[in-house]
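Residue strings, one per chain:
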Amino acid sequence: MDVLLAARYQMAVSFIFHIVFACIGMAMPWLMFIAEYKWIKTGNEAYITLAKAWSRGVAIFFAVGAVSGTVLSFELGLLWPKFMEHAGPIIGMPFSWEGTAFFLEAIALGIFLYGWNRVNKWVHLVSGLVVGIAGVFSGIIVVSANAWMNSPSGFDWVNGQAINIDPLKAMFNKAWFQQALHMTIAAFASTCFAVAGIHALLYIRHRDREIHAKAHRIALTIGAVAAILQPISGDISAKNVAKYQPAKLAAMESLFKTSKPAPMIIGGIPDTATQEVKHAIRIPKLLSFLAHGNFDAEVTGLDKFDKSEWPPVPIVHFAFQIMVLMGMIMALTGALHMLFLIKWKENSNKNWWLKWVAWVTPAGFIAVEAGWIVTEVGRQPWIIYGIMKTSESVTPMPGIQYSFYLVTFIYLCLSFMVFWLMKRQINSLHAETQYVKQND
Amino acid sequence: MTETIIAILGISLLLYVLLGGADFGAGIIEIAAGRKGMGTVSKAIAPVWEANHIWIILAVVILFNGFPLAYTVMSTYLHIPLLLALIGIIIRGTAFSFRYYDISGGNVHNYYSWFFRISSILTPFFLGIILGAIILGDIPSSTNGTFYDIFMRPWLNFFSLSTGVFLTLLFGWIASVYLIGEAEDNTFPLFSRISVSFLIAIVLSGGLVFMAAEIKGIGIFRKFLDSPLSIACVVMATVMIPLLLKNISKRNILNTRLLAGAITGCILVGWFAVQFPVLIFRADGNHLTVWNSQAPPATMYYLMIALVFGVFIILPAFAYLFRVFKFSKNSSKKM
């Protein structure tokens, strides 16, 4: 395995691992906050039990997210030193803001997790809110740094050096808003659907437990709103990508030839050698409309780019299809949930519905991973789009495959541990409350 | 501008050594204290370790935003010790929170504890090695050469190993002083005994660092003698040691912590006085200084604003966190 490939794999593994915890860190504090707020308002003990149970989960997720995020901040330099040498001064500023947000998050989380009996309940509640706000803020900021890699601005590139650096312009680049919006909604949708799914499953198994009904409803309602909004944000993103990163859009759609009008290619197997997509469904003119808002618009295909500048088309294409499919499943599930809140209320407690929601548990995280694969693999071979190639920025140190194996091994073990721990937490939740019940 | 940023970098390093150091050190102390000290360690660091840990993230961010060349050189030539320190950071953090939050029962808690303890040594040791490497100046300026010469020798040497040992013991000692204040009556004698042994060990390993420097011919000792600030720091630290011992035996927690903080501060400032303005010493004499590796003015300007603003938000929040958990009347109460 050559150094470039090993470094890319290691980065990918680190991101794939971290992003799950980052999403949970953005969305989960809001769920704890809502549960505690409901407890203060209603006095119903189920809500405080729920807030505490969720906060134990958050403690574990946050710790893993914090350390895997630290690893990433070093890995940027360990694997891509040339990139960081140039990108650091341009796009480092958002990270310095993120540092502040992260501090606030960790401090407020410390108070939330350990301060149940130490601070007054309103201070406690507010600390939960601070965790939520700081988490979302740091997410947005980090995504804006990634958006800069896709849509670099705020500097002039002269003879391999960045001059006239403007950090503000770099941060508020042309992709930051679309990406930050899409990711923030995604974090809520994925986390809330996962939480709702787990509680739905538990509710099927423990029908006497009010807590799961409540948990499932809170999480799914927020998740539903996010999932219904997400296609709109996706559309905004797609139009932005079509305009500023046409090669990525062409790879997402496997559009080998520039077309006017361009069809939407759904599914299929793209073959880069023959430049054909086999077994695909084609909807005439739809891509022109989705990319440019006009059924007859021209959409740039991969033929406008030198083959050395093509991203790996099949990976980007498949990942995109998976993301959209998962998004649609979630949006439909969300819409049904909303319907059941307003009309046909009896359905939301039916076994078939709870089972369905349980099946959808991983959909959001699958979509998030797939979406990031579209963003990152779709930008290849560039690390800074149009400016610096990934291969130019890789570390000169040989033997990166060994660190890739090591990091992968550690993250696999940690993933396994986290699953196992969550299972133990959930089992203990039942043991605990059943015990309380007998004492009542 | 640059001075302000460097000052904040220095403060975050100091706070990382004091606060993050206490947390890492707690794992080291647990090895010395055994089962008896475990409860105190868990209770003492649980609410604060994540906030404490962020000081190093801040230092890294300042480095890659404000001094990108220094960050790049470090992460290229000191890749291996950085990776090992990172692995320590991952394992320590996760093992600790697993131990704290996992429901009790089963053998698995023993494993958490051992992962926690061993990784608590790993990170300070390799951070110390990195520190030694940037002081020593064996870091090459290009990657022409053998793997060993370029990626190993700059940090795998007697001097860097001695700074690794020194930093590990320093972290352990800071933790022991911190834990004295957290200990219950029955564990207090244990922690004060450990604290005194660690103090002796640091003084010895400090001597080892100077000796290694002389053997390597980098003459840190002479540089120390040439700098009035460094000498002042050494004198002050030495004077404070007996005071510290007295306060430990009187079990005056606040004074003990302040003195230990001041001694650590003296060590860092003393080093700083010798090091400044160089960030990384290089083999060809082409050292990376604060001035020649800094980012363009626009970047430094925005970085400074972000940092100053951040400090005004972070420090009060930090003070509140510590007031709730460390200085309130019921801080020794079981959570």
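In this text, all values refer to a predicted model and were calculated from it rather than measured experimentally.

Scoring rules and cut-offs
- Residues numbered from 1 in each chain as written.
- Chains lettered and ligands numbered in written order.
- Predicted model: local features only at pLDDT ≥ 70, side-chain atom pairs only at ≥ 80, totals over all residues.
- Heavy atoms only, no water.
- pLDDT = per-residue confidence, 0-100.
- Helix = DSSP H or I, 4+ residues; strand = E, 2+ residues; numbered from the N terminus.
- Contact = heavy atoms within 4.5 Å.
- Buried < 20%, exposed > 50% of the residue type's maximum accessible area, 1.4 Å probe, protein only.
- Axes fitted to C-alpha atoms, helices over the stretch in contact; angles between N-to-C directions.
- Parallel < 35°, antiparallel > 145°, perpendicular 65-115°, else oblique.
- Left-handed = near helix turned anticlockwise from the far one by under 90°.
- Nonpolar A, V, L, I, M, F, W, Y, C, P; charged D, E, K, R; others polar.
- Buried area = accessible area lost by both parts, 1.4 Å probe.
- Salt bridge = Lys/Arg side-chain N within 4 Å of Asp/Glu carboxyl O.
- Polar contact = N/O pair within 3.5 Å; in protein donor to acceptor, adjacent residues only side chain to side chain.
- Disulfide = S-S within 2.5 Å.

Trainee: Got a minute to help me understand the confidence of the model for chain A in this structure?
Mentor: Atomic detail in the predicted coordinates should be set aside for any region of low pLDDT. Residues and elements named next belong to chain A. On average, residues of chain A carry a pLDDT of 89, and 98% of them reach 70 or more. Of all the helices and strands in chain A, helix α14 (residues 400-439) carries the lowest mean pLDDT, 79, while helix α12 (residues 363-377) carries the highest, 95. Predicted confidence is poor over residues 434-440, with pLDDT under 50, and the contacts of this stretch with residues over four places away or in other chains come to four contacts.

Trainee: Mind showing me how you'd approach the environment of Thr72(B) here?
Mentor: Of note, Thr72(B) is situated in helix α4 (residues 68-77). Take Thr72(B): its relative accessible area is 6%, and that puts it in the buried class.

Trainee: Help me understand the packing of helix α2 (residues 45-79) of chain A against helix α7 (residues 210-244) of chain A, please; the structure alone is not making it clear to me.
Mentor: Any two packed helices are characterised by the angle at which their axes cross and by the distance between the axes. Residues and elements named next belong to chain A. In the contact formed by α2 and α7, the axes pass within 10 Å of each other and the chain directions differ by 65°. Regarding the angle of α2 to α7, the classification is roughly perpendicular. Judged by the sense of rotation from one axis to the other, the crossing of α2 with α7 is right-handed. Packed against α2, whose contacting residues are Ala46, Tyr47, Thr49, Leu50 and Trp54, the element α7 presents Glu210, Ile211, Lys214, Ala215 and Ile218 at the interface. A class-by-class count of the residues in the contact of α2 with α7 yields seven nonpolar, one polar and two charged.

Trainee: In this structure, what is going on with the interface of chain B and chain A? I would like to understand it.
Mentor: Interface size is commonly expressed as the accessible surface area that is lost when the partners come together. The partner chain A presents 64 residues to the 67 residues of chain B that form the contact. Between chain B and chain A the total buried area reaches about 5,900 Å² when both faces are included, carbon and sulfur atoms providing 78% of it. Three residues, His79(B), Phe98(B) and Tyr101(B), lead the burial of chain B against chain A; their summed loss comes to 12% of the area buried on that side. Counting the contacts that link chain B with chain A gives zero salt bridges. Counting across the interface, chain B meets chain A through eight residue pairs in polar contact (both at pLDDT 80 or more). Elements that contribute at least two residues to the side of chain B that touches chain A include exactly α3 (49-66), α4, α5 (79-101), α6 (108-136), α7 (147-152) and α13 (297-325) of chain B. With 15 residues, the single largest contributor to the side of chain B that touches chain A is α13(B). The residue makeup of the side of chain B that touches chain A, split by class, is 46 nonpolar, 18 polar and three charged.

Trainee: For this particular structure, what's the right way to read the state of the cysteines?
Mentor: Each disulfide consists of a covalent bond between the sulfur atoms of two cysteine residues. This structure, assessed with the given rule, holds zero disulfides over all chains. Of all cysteine sulfurs, the one in Cys23(A) lies closest to Cys192(A), which takes part in no disulfide; the gap is 11 Å. No disulfide involves Cys233(B); its sulfur sits 4.9 Å from that of Cys266(B), the nearest cysteine. On the basis of relative accessibility, which here comes to 7%, the residue Cys233(B) falls in the buried class.

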